[in-house]
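Observations on chain architecture
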Amino acid sequence: MIDTPEPLVDRLDAEASCTLLSTFPPEFRFGTATAAYQIEGAVKEGGRGESIWDRYAHTPGLIFHGDTGDIACDHYHRWEADFDLMAELGIKHYRFSLSWARLQPSGRGPLNPVAVEFYRAQLQGLLDRGIAPLVTLYHWDLPQVLEDEGGWPNRNTAYLFEQYARLAAEAFADLAHEWVTINEPWCISILGYGKGEHAPGRHCMADAAAAAHHVCLAHGLAVAAMRQVAPHIRLGVTNVITDVVPASNDPADIAAAGRLDASSNKLFLDPFYTGAYGDDVLAVYPELSQHIQPGDLDIIACDTDFVGINHYHRMIASNDPSNPKGWIERHAEPATTSFGWSVLPESLEAILGRVSREYTTLPIFITESGASYHDYVDPDGMVVDTERVAYLRGYFDAAARALASGVNLQGYYVWSTFDNEEWAMGYEKRFGLIYVDYRTQTRIPKLSAHWFSREIAAHADLSTK
Ligand code: FCB
């Protein structure tokens, strides 16, 4: 158990809550999450190849402040100390990702043995510390060579992903029993290929639609391939689900919210869990149809073992015929995180209820949920992030309500374990429970880390009673 600095103890006593103690079943898992590009650094070490995020980050003007993931949290060199700190905090569940560009620098062929050794050591290191890994196979770092061949809009990328998935299962499934195939198909396709806000920075909605379908296909192909070589593993895919509400009761705004929902949530929930794209989805992305080949949807709607949900905010949609899309969207209030994202725990409850009512009764893991704030080290050397404690308390309560209402929720991974490289926002956004001073690579558990540590300890006590 970690020693909490004296001044924080009083704060924690003031923050005391018994949410977890009383409401979550003993087997419910609380954990934290990261992704390779955001924490590893060492982008040119160990035979790692270039990924689309390296290329994007090194293109002037695309990432806030000119930041890159070249060093990030230097987790590649510091992972043992990082895992020690997580173990001290009592963290028992950890979601992290493998870098495709590290494992298959040229996007094909045998896995890079240095990278295999690195991730096997990490997996063993987690198990040795009593931390159960949930491994994400793809959290956005496509090998650049595959982007040069067309990237996700090229159907062949899905088949190359299938090969990567099979090799990864062969290499790691003895140590890793639970896997997320792909993180947030919406960000990969729409932000990456449509809006250009993420790597590879393309601005073409037709390409984005093609990418969306091929990412779905890649998931289905990967599940089949991984099950073949490692029948014991549990698999799922993670989608980011936004709580979309209309700006008013005006039928035009309600229809606009429907279109926004189709363009983001239904675009993936429909094919993964119903085996068909809804007409409303096809109306928003007419180009989709030309990429669907016979049999694709059966592959995509394959059996999985759990549903991964990332959730961050509520968006409000209004009808706007003057806009090329026909609607406009804005962040709901109160938008008090440093990202301008809403803090509305009821949104989490709403989307969990919706997924389990409309799509699936499979176990659900919240694979990411968290908030960025303007955290800083105070003169006493501490990071007192009371906002994040309040945020987590509210969102854990919402998860408890969802559970009580019958949602098959089985776990909650807080984003993120550490402050890290927040994609196009660089180091400006801090989501961690653990503060990272990037100049010295010092780690400082924030108040929220100590709070979380107490909560999970109390929760763990439940199972021993
Ligand atoms: C999600 C990403 C994750 C992190 C959070 C804030 O969309 O999956 O890597 O950047 O947003």
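Our structure's up above, just so we're on the same page.
Since this is a predicted model, take the numbers as computed values, not measurements. (Residues numbered from 1 in each chain as written. Predicted model: local features only at pLDDT ≥ 70, side-chain atom pairs only at ≥ 80, totals over all residues. Heavy atoms only, no water.)

Digging into the state of the cysteines
Disulfide: a covalent bond connecting the sulfur atoms of a pair of cysteines. Convention followed: In what follows, a disulfide is any cysteine sulfur pair within 2.5 Å. Between buried and exposed lies partly exposed: a residue is buried under 20% and exposed over 50% of the maximum accessible area for its type, with that area taken using a 1.4 Å probe on protein chains only.
Tallied over the entire structure, the rule returns 0 disulfides. Residue Cys187 stays outside any disulfide, its sulfur separated by 14 Å from that of Cys216, the closest cysteine. Judged by relative accessible area, Cys187 falls into the buried class, the value being 7%. You can see Cys204 has no disulfide; the closest cysteine sulfur is in Cys216, sitting 18 Å from it. Since its relative accessible area comes to 29%, Cys204 is described here as partly exposed.

Considerations on helix H17 (residues 447–464)
The condition that has to hold: Numbering of helices and strands starts at the N terminus; helices are DSSP runs of H or I of at least 4 residues and strands are runs of E of at least 2. Every helix has an expected span of 1.5 Å times one less than the residues it contains.
Counted at 1.5 Å a residue, the expected span for H17 with its 18 residues is 26 Å, and the 26 Å between its end C-alpha atoms agrees. What H17 keeps buried is the set Leu447, Ser448, Ala449, His450, Trp451, Phe452, Ser453, Glu455, Ile456, Ala458 and His459.

Thoughts on the site of the ligand
Worth spelling out the cut-off: Whether a residue is near a molecule or strand depends on its heavy atoms: if one lies within 4 Å, it is near. We define a polar contact as two N or O atoms separated by no more than 3.5 Å, with the added condition that, inside protein, one atom must be a possible hydrogen donor and the other a possible acceptor, whereas residues neighbouring each other in sequence contribute only through side-chain atom pairs. In these tables, accessible area is a Shrake-Rupley quantity obtained with a 1.4 Å probe, and a residue counts as shielded only by the protein chains included in the view. Polarity classes work like this: nonpolar for Ala, Val, Leu, Ile, Met, Phe, Trp, Tyr, Cys and Pro, charged for Asp, Glu, Lys and Arg, and polar for all others, with Gly in that last group.
Around the ligand, the surrounding shell consists of Gln38, His139, Trp140, Asn183, Glu184, Asn310, Tyr312, Glu368, Trp415, Glu422, Trp423 and Phe431. At a separation of 2.7 Å, an oxygen atom of the ligand approaches a polar side-chain atom of Gln38. Here an oxygen atom of the ligand sits 2.6 Å away from a polar atom, N or O, in the side chain of Glu184. Taking 300 Å² as the accessible area of the ligand by itself, protein coverage stands at 95%. In terms of residue class, the shell around the ligand is made up of 5 nonpolar, 4 polar and 3 charged.

Let's talk about the packing of aromatic side chains
Put simply, the rule is: Aromatic rings from Phe, Tyr and Trp, taking only the six-membered ring of Trp, are treated as a pair when their centres fall within 6.5 Å; an angle between ring planes under 30 degrees marks them as stacked, one over 60 as edge-to-face, and anything in between as tilted. Put simply, a charge is over a ring when the Lys NZ or the Arg CZ is close to the ring centre, within 6 Å, and near the line of the ring normal, within 35 degrees.
Per the counting criterion, the structure on display carries 37 aromatic pairs. On the basis of an interplanar angle of 65° and a centroid distance of 5.8 Å, the ring pair of Phe161 and Tyr164 is categorised as edge-to-face. Pair noted here: Phe161 and Tyr164 are both in helix H9 (residues 156–172), with a separation of 3 residues, about one helical turn. For Phe161, a relative accessible area of 0% puts it in the buried group. Here the aromatic cluster, defined as three or more aromatic residues joined through ring pairs, consists of Phe24, Phe28, Phe30, Phe396, Tyr412, Trp451 and Phe452. Against the face of Phe339 rests Lys429, its NZ or CZ located 5.4 Å from the ring centre.

Any functional reading would require information beyond the geometric quantities listed.
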